[in-house]
Amino acid sequence: MGRILALDRNMINMIAAGEVIERPASVVKELMENSIDAGATRIAVVVEDGGRKLISITDNGRGMDGEDLANAFEAHTTSKIKTSSDLEAISTLGFRGEALASIASVAQVRTVSRTKDSPGANCIEIDCGSKGRVTPGSGDYGTTIQIRDIFYKLPARRKFLRTANTEMGHIREQFTRIALANDGLDLMLTHKGKELHRLGSGETHYQRIAELFPGLSLRGSDDLIEAESNEKGLHISALLGKPGISRPNSKFQYIFLNGRFIRDKSISHAIREAYRGLLEPNRFPVVFLFIRMPYEDYDVNVHPTKVEIRFYNANLVHSQVLGALREKLLRTDMQAEARLPDVEYADSHLRRSGAVRDQRISDAMAEFFKKQRPAQRQQQISFRSAPAPSPSGRARELPRESAVQYDTKFLQIHDSFIVAQTDDGFVIVDQHALHESIIYDSLCKRVRESKLQSQKLLIPESFELNASGFDVVKNNAELIEKLGIELVPFGPGTIAVQAFPTLLSDVKPADFVRDLLDLLDRSEASPDAERLLDDVLNMAACKAAIKAGQKLTDSEIEQLLADRHNAESASRCPHGRPTTIKFSVADLEKQFKRT
Ligand code: ADP
Ligand code: MG
């Protein structure tokens, strides 16, 4: 007798459930998606014990009649597709017809549903695949599905469930993704009787994000830049976090395609590229990206939970996303605004709390600090007032716009930062970062136009170089020439720098070339010439810039401030660190309780 047997229906469903229903959060995702597909405008999610005890989802969608209710929990039953051609343009979130069957094979399920034209509701109960009859029930238009004791007959899978808090974290994440993609819906999430979220359909995108992510500490819609483009069949809209709210990981990057949360390496890459130079390499931007495109231009049928999809023209998607985001980011003033701490005044605090105990503690603290504080000398800080720039100031590379008058008060502190007054407050400038960004801009401009101007060295600087070093020189001859560097062999195993770019006049030629060859050697494998050049210019700018700890003369500071004003993108250094932090008088007044 043959050993191969057909699995029974329930086994098939349980196996499918292994793929689709990983944990309670998967149930929440599948059921909310079903509600959306059923045209619901209001969905309430109620959870007990991280979803292990109960997940109940109520919607006001189209509902199911008795016959549909009996069929919905069978494997491969769906109202969303009929023929193979429907697979080519899927406009609903679901279509595989396996979620309800999977869920019902691993939990106790009770569903009550009512359509618009039915006189009453119908109800069905299923316990781990054993299905009861459809009976009359009572309920409003729409559907309520309750899932109890998930995996209770599958101890191996139940064991994998984590604490209620962890499972709830996953549920919140699924809820969040759906809430972001569908801002026209009224949504509610409750856990253990406590309301975690109540989102209204009238909210703006920004309001919804602020409500869903209190941890982002958004100060206002200014923290997010809106970008939009509509070209080549792709509608892109995005909210782009300014560098000031960047994160140490990519958790806050949400990509949606036609209302579906997706993960896509190529789009993530486009996002990273769009922020290049605006963020330090180990920081990730906060991005909410919404793409709309024709359903037939991609395939969702590649992953059981449909979180990965396949674009037929992935290059187009990549370049459109990169273009739209990059253009917007470069056009935006990214000057970091200082986040002043929320200082509470002792007296106002007391007035509000009124608690005697608090008062005693704070009195004791005040007393303590009075005793400990050494008699402070009033520090004399005098702001120097810069005269209008004189044409004889030490020449730096950027042209000075003589029309701009710098009646600026400034002060260099710790030989590293410059505090300068502005029209509506003051700025703190990181002298190295700012100068670096100015030089970088200037290098980029010149290299783009032709090559860097160079100067013959009076005495060529030579250094030892091994055979592979000579190879690097040979392989990058064009780039080295573009930089205005002239290298000539100088005896066996030695090379000499004969000419060097004037822009880098403060840099030691041999040291620079050695580091340059190192960099070129490391990037030999990388085919991206544009990027390599950029890395080289970054390095050059960093080396040529004023260092932290360097005392500057008044005229040097004036020049730097004037250059800052003229530079294109001086608000971020090429590594993505801010060069300038802005403080407004309004902020100060608020802090000092003057308003
Ligand atoms: P799919 O969503 O892939 O079609 P499901 O197993 O999730 O498969 O659902 C099966 C069918 O049950 C759906 O096609 C739909 O017709 C019906 N259905 C499920 N949930 C709801 C709901 N909340 N309201 C109305 N109909 C629903
Ligand atoms: Mg479904």
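Quick note: structure is the one above.
The model shown is predicted, which means the values in this text are computed figures rather than measured ones. (Residues numbered from 1 in each chain as written. Chains lettered and ligands numbered in written order. Predicted model: local features only at pLDDT ≥ 70, side-chain atom pairs only at ≥ 80, totals over all residues. Heavy atoms only, no water.)

Novice: Outline the site of ligand 1, supporting the account with residue identities and numerical values.
Specialist: Around ligand 1 there are 19 residues in total, and N34, T78, S79, K80 and G97 lie nearest to it. With respect to ligand 1, the side chain of T78 contributes an N or O atom lying 2.5 Å from an oxygen atom. Looking at the shell around ligand 1 residue by residue, the class counts come to 6 nonpolar, 9 polar and 4 charged. (Near = heavy atom within 4 Å. Polar contact = N/O pair within 3.5 Å; in protein donor to acceptor, adjacent residues only side chain to side chain. Nonpolar A, V, L, I, M, F, W, Y, C, P; charged D, E, K, R; others polar.)

Novice: Mind laying out a nonpolar patch on the surface, listing which residues take part and the relevant values?
Specialist: On the surface, a nonpolar cluster with roughly 350 Å² of combined accessible area is contributed by L7, M11, I12 and I15. Locating L7 in the fold gives a position in the segment before α1 (9-20). (Patch = residues over 30% accessible without salt bridge, like charges linked within 9 Å, V, L, I, M, F, W, Y side chains within 5 Å. Areas by Shrake-Rupley, 256 points an atom, 1.4 Å probe, with all protein chains shown as cover. Salt bridge = Lys/Arg side-chain N within 4 Å of Asp/Glu carboxyl O. Helix = DSSP H or I, 4+ residues; strand = E, 2+ residues; numbered from the N terminus.)

Novice: Summarise the pairing of strand β12 (residues 253-257); cite the residues concerned and give the values.
Specialist: Across the 5 residues of β12, 5 count as buried, placing the element largely inside the fold. By the alternation rule, side chains of β12 split into Q253, I255 and L257 and Y254 and F256, which are all buried. Pairing of β12 with strand β13 (residues 260-262) involves 3 bridges; the strand directions are antiparallel. Counted as the bridge partner of I255 is I262 from β13. Following β12, the chain reverses through 2 residues before pairing antiparallel with β13; N258 in that reversal takes a positive phi of roughly 45 degrees. (Buried < 20%, exposed > 50% of the residue type's maximum accessible area, 1.4 Å probe, protein only. Pairing = 2+ DSSP bridges.)

Novice: Talk me through the environment of I236; I want residue IDs and the actual numbers.
Specialist: Counting through the fold element by element, I236 comes out in strand β11 (residues 234-241). Between the C-alpha atoms of I236 and V321, which are 85 residues apart in sequence, the distance is 7.2 Å. Sequence-distant contacts of I236, that is, excluding residues within four places in its chain, are made with A227, E228, S229, L289, F290, Q320, V321 and A324. (Contact = heavy atoms within 4.5 Å.)

Novice: Before we move on, can you summarise the sheet that holds β12 with the specific residues and values?
Specialist: Within a beta sheet, neighbouring strands are joined by backbone hydrogen bonds and run either parallel or antiparallel to one another. Spatial ordering of the open sheet is given by β10-β11-β14-β12-β13, a layout of 5 strands whose pairing is mixed. The sheet terminates laterally at β10 (224-231) and β13, the two strands that pair on one side only. Strand after strand, the sheet turns through a mean of 20 degrees between neighbouring axes, direction not considered. Contacts from helix α9 (residues 314-331) reach β10, β11 and β14 (287-292) within the one sheet, and its direction differs from that of β11 by about 45 degrees. (Axes fitted to C-alpha atoms, helices over the stretch in contact; angles between N-to-C directions.)

Novice: Summarise the pattern of salt bridges; cite the residues concerned and give the values.
Specialist: What the rule picks out here adds up to 21 salt bridges. One salt bridge connects R23 with E167, and the closest N-O pair in it is separated by 3.0 Å. One end of the pair, R23, is in the loop between α1 and α2 (24-37); the other, E167, is in helix α6 (residues 164-181), and 144 residues separate them in sequence. Residues R198 and E195 are paired through a salt bridge, measuring 3.0 Å at the closest nitrogen-oxygen approach. When salt bridges that share partners are traced, they join R9, E74 and K131 into one network.

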